[in-house]
Each structure stands twice: as structure tokens, then as C-alpha cells.
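Coordinates in review
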Amino acid sequence: MSKNKIALIGGGNIGGILAVLSAQREFGDIAIVDIFDGVAAGKALDIMQSNAADGINTKLSGTTDYSNIDGADVVIVTAGFPRKEGMSRDDLLQKNAEVVRIVGKNIKERAPDAFVIVVTNPLDIMVGIMQDATGFAQSKVVGMAGILDGSRFKTFLAEKLNVAVSDIQSFVLGGHGDSMVPLPRYTTIAGIPLQHFIDKGKISEAELDAIIVRTRKGGGEIISLMKTSAYFAPAASALKMAKAYLNDERSILPCAAYLKGEYGVKGLYVGVPAMIGKNGVEEIMELDLNADEKSEFEASIKSVTDLMEAARKLSL
Ligand code: APR
């Protein structure tokens with residue numbers, strides 16, 4: 001059986017951690033491409049040397065040349081600019097849309113059968129631009145956000161409830177922004193509904209609301225601490241999606257997936273639970289939403305649509 005090939009476009013903070021984690025997990029050979037001369041080559045070499053110390057056989061290569069990604073099975077895109085303090089979403093939109101278009105053209109040429117996972121922000125818009133630039137089936141182009149947002153929600157809940165974070169199952173719906181919709185009603189701890197913990201007084205409604213707000217602002221909290229955006233959790237989250245595809249897991253993961261009428265949304269990438277297997281997105285899971293959840297989800301869709309309109313007006 002031939003080895004998998006994982007291409008990483010962008011070898012910055014997230015790209016570097018992606019390379020380390022995928023090497024350690026031995027998912028396959030890793031090809032990094034970064035426009036910044038020396039970054040991809042240097043990181044590939046450094047990680048290969050750390051693999052030698054650890055007795056790991058994963059091969060890495062890094063360059064500015066897109067031929068490095070030829071025939072990749074999975075491409076994870078982090079190329080672009082991270083949000084810094086004081087930067088508007090629109091600043092990021094213009095700059096990163098240009099980058100994602102160029103990257104998409106190269107993926108189309110070099111890795112036509114790849115499953116593409118976009119991480120570059122603003123996520124929901126960038127994944128749409130990537131699908132357009134590659135012309136790939138919508139099921140083969142997805143965005144990473146929901147696993148990250150869900151992981152933040154789980155972290156805060158586990159801390160408050162003093163339970164194992166691995167016991168928590170949850171979903172976050174909608175766009176990857178302040179209007180995302182964490183779903184307490186679809187949250188369980190070792191299969192026990194979160195409501196049980198509320199009823200037992202382990203967490204109050206007010207504390208849960210505060211956790212939801214903190215989750216929505218989770219990215220900003222890290223930016224204000226590190227002065228640049230998060231990289232460990234985004235990398236781990238994107239790899240979870242890559243693994244589901246490579247191993248044909250049929251895992252149900254919250255992803256930015258293309259909606260064709262599900263949740264009443266047509267022609268837009270939005271965060272929903274999606275089953276990932278060997279064909280990419282195999283199925284979108286449609287949850288029954290109550291009136292409050294529905295109106296929060298609609299508000300989130302509206303903010304994605306507004307940003308999409310702004311993207312259409314850009315000269316690209
Ligand atoms: N082609 C290839 N690489 C590029 C290009 C391009 N056209 N433009 C920029 N890059 C590279 C940069 O040289 C840099 O090494 O993308 C890398 C981005 O890395 P960082 O600046 O460290 O950003 P990171 O924290 O990894 O975030 C990347 O993911 O979560 C999002 O908001 C985040 O949009 C940002 C992206």
C-alpha cells in the first residue's frame with residue numbers, strides 16, 4: 001500500500017504545528033509549501049531531525065515550489081495572514097482572499113484528487129473561495145472551525161464541571177465568528193445530557209451562558225494574550241478532519257460544509273455536523289433546532305452572508 005501524502009500550504013504557526021503533529025501520528029509523508037523562502041525547508045528539516053531523535057520515520061519536505069504537493073491525498077491550507085490586535089475582518093478578507101485564490105489554482109493543478117481542508121480566516125468565506133478556485137466537488141473542500149470552537153466549549157465546560165474533557169460531546173453550529181451557536185441541548189457528558197448537571201446544581205444557567213460567550217470570543221481571548229491567533233488547537237482540529245478522511249472513519253464532525261438546502265440554507269459554506277469518510281463530506285446531519293437555536297443560527301448565517309457580499313465586491 002502506498003503511503004499517504006499530506007500537503008501543508010502555509011508553514012507558519014499553524015502549519016508548523018500541523019507538520020509536527022502529523023509526523024508524530026505517522027499519517028504519511030508531509031510536503032510543506034510556504035511563500036516565505038526558507039520557512040518550509042527549515043521547518044521540514046528541523047522536524048525530520050526531531051523525528052530522528054524520537055525514532056519516527058515520517059518524511060518531510062519543504063519548499064516554495066508547488067510541485068512539492070504533487071498527488072497529495074490531503075491538503076491543509078493555512079496560508080495567509082493571521083488576525084492581529086486592531087485588525088478588522090475586512091482587512092483580513094481582502095488579503096487572504098487573494099492568497100487563497102492563488103493557492104486554490106495550484107492545488108487544482110497539482111493535487112486534483114485531494115481532500116482540501118481550509119483553515120485560513122475568515123473561514124466560511126475562504127472555504128467558498130477555495131472551492132471556486134479549485135472547481136472541486138463541494139464534498140471535497142471543507143473548512144475547519146467547528147471542532148476548534150467545540151473544543152473551546154468543551155475545555156471551559158470540563159473545567160467548570162471538573163470532569164474529563166474526553167467525556168464531553170458537543171456541537172457548535174454556524175459561522176466561525178462571534179455569532180457561532182454552541183448547542184448545550186446537544187451536549188452530553190459520558191452520554192448524560194448537560195441539563196442533568198444543571199438540574200443537579202453543578203453549573204448554573206448564568207455560568208453556562210458565560211461559557212457560551214467565552215467560547216464565541218475564544219479566538220480573540222488568545223489573540224489578546226499572544227498578540228497573534230491560536231495555533232495548537234487549530235492544528236489539532238484540522239488533523240482530526242484529515243484523519244477521518246484518510247481512515248474512512250465516517251466520523252461526525254462539525255465542519256464548514258457546503259449546504260444545498262439543509263437547514264434552509266443554499267449555496268453557502270457554514271458550520272454544521274458533517275460525516276467525513278473516504279469521499280470527503282458523506283452526509284450533512286440536520287439537527288432539530290428549537291426556536292431560540294434557530295434564530296441564533298439564522299443570525300449567524302446572516303453574518304456569513306454579509307461577509308460573502310463584501311467578498312464578492314473585492315477585485316480579485
Ligand atoms: N502561499 C503560500 N504561503 C503563504 C502565502 C502564499 N501566497 N501567503 C502567506 N503565506 C504563508 C506565510 O509566509 C506564513 O508562513 O502563510 C503562513 C501563515 O502563517 P502565520 O502567519 O504564522 O499564520 P497562522 O497563525 O499559521 O494562521 C494562518 O489560519 O487560523 C487562520 O487566522 C489564521 O488566517 C490565518 C491562518
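Here is a short report on the structure shown in this document. Just so it is clear, the structure is predicted and the values come from calculations on it, not from any experiment.

1. Comments concerning the site of the ligand
Close to the ligand lie 19 residues, the nearest being Asn 13, Ile 14, Asp 34, Thr 78 and Asn 121. Backbone polar atom of Ile 14 to an oxygen atom of the ligand: 2.9 Å apart, as the coordinates give it. Ile 35 places a main-chain nitrogen or oxygen 3.3 Å from a nitrogen atom of the ligand. For the ligand, whose free accessible area comes to 730 Å², the fraction covered by protein is 88%.

2. Things to note about the side chain of Asp 124
For Asp 124, the position within the fold is in helix α4 (residues 123-134). Within polar-contact distance, the side chain of Asp 124 engages the backbone nitrogen of His 176 at 2.8 Å. Asp 124 has contacts with Gly 174, Gly 175, His 176, Ala 256, Tyr 269, Val 270, Gly 271 and Val 304, leaving out every residue within four places of it along the chain.

3. Observations regarding the packing of aromatic side chains
Under the counting rule described, the total for this entry stands at four aromatic pairs. On the basis of an interplanar angle of 45 degrees and a centroid distance of 5.0 Å, the ring pair of Tyr 231 and Phe 232 is categorised as tilted. Look at Phe 232 and you get exposed, because its relative accessible area is 54%. Taking NZ or CZ as reference, Lys 95 lies 4.6 Å from the ring centre of Phe 81, over its face.

4. As for the pattern of salt bridges
Per the counting criterion, the structure on display carries 11 salt bridges. Two residues, Asp 29 and Lys 3, come together in a salt bridge whose shortest N-O distance is 3.2 Å. With a gap of 26 residues between them, Asp 29 in strand β2 (residues 29-33) and Lys 3 in the segment before β1 (5-9) connect regions that are remote in the sequence.

5. Thoughts on the side chain of Thr 215
Of note, Thr 215 is situated in helix α7 (residues 205-216). Overall, the relative accessible area of 1% leaves Thr 215 in the buried class. In this structure the side chain of Thr 215 is engaged in a polar contact, spanning 2.8 Å, whose partner is the backbone oxygen of Ile 211. The residues contacting Thr 215, other than those within four sequence positions of it, are Asp 149, Arg 152, Phe 153, Phe 156, Met 180 and Pro 182.

Conventions we followed
Residues numbered from 1 in each chain as written. Predicted model: local features only at pLDDT ≥ 70, side-chain atom pairs only at ≥ 80, totals over all residues. Heavy atoms only, no water. Near = heavy atom within 4 Å. Polar contact = N/O pair within 3.5 Å; in protein donor to acceptor, adjacent residues only side chain to side chain. Areas by Shrake-Rupley, 256 points an atom, 1.4 Å probe, with all protein chains shown as cover. Helix = DSSP H or I, 4+ residues; strand = E, 2+ residues; numbered from the N terminus. Contact = heavy atoms within 4.5 Å. Phe/Tyr/Trp six-rings, centres within 6.5 Å; stacked < 30°, edge-to-face > 60°. Buried < 20%, exposed > 50% of the residue type's maximum accessible area, 1.4 Å probe, protein only. Lys NZ or Arg CZ within 6 Å of the ring centre and 35° of its normal. Salt bridge = Lys/Arg side-chain N within 4 Å of Asp/Glu carboxyl O.

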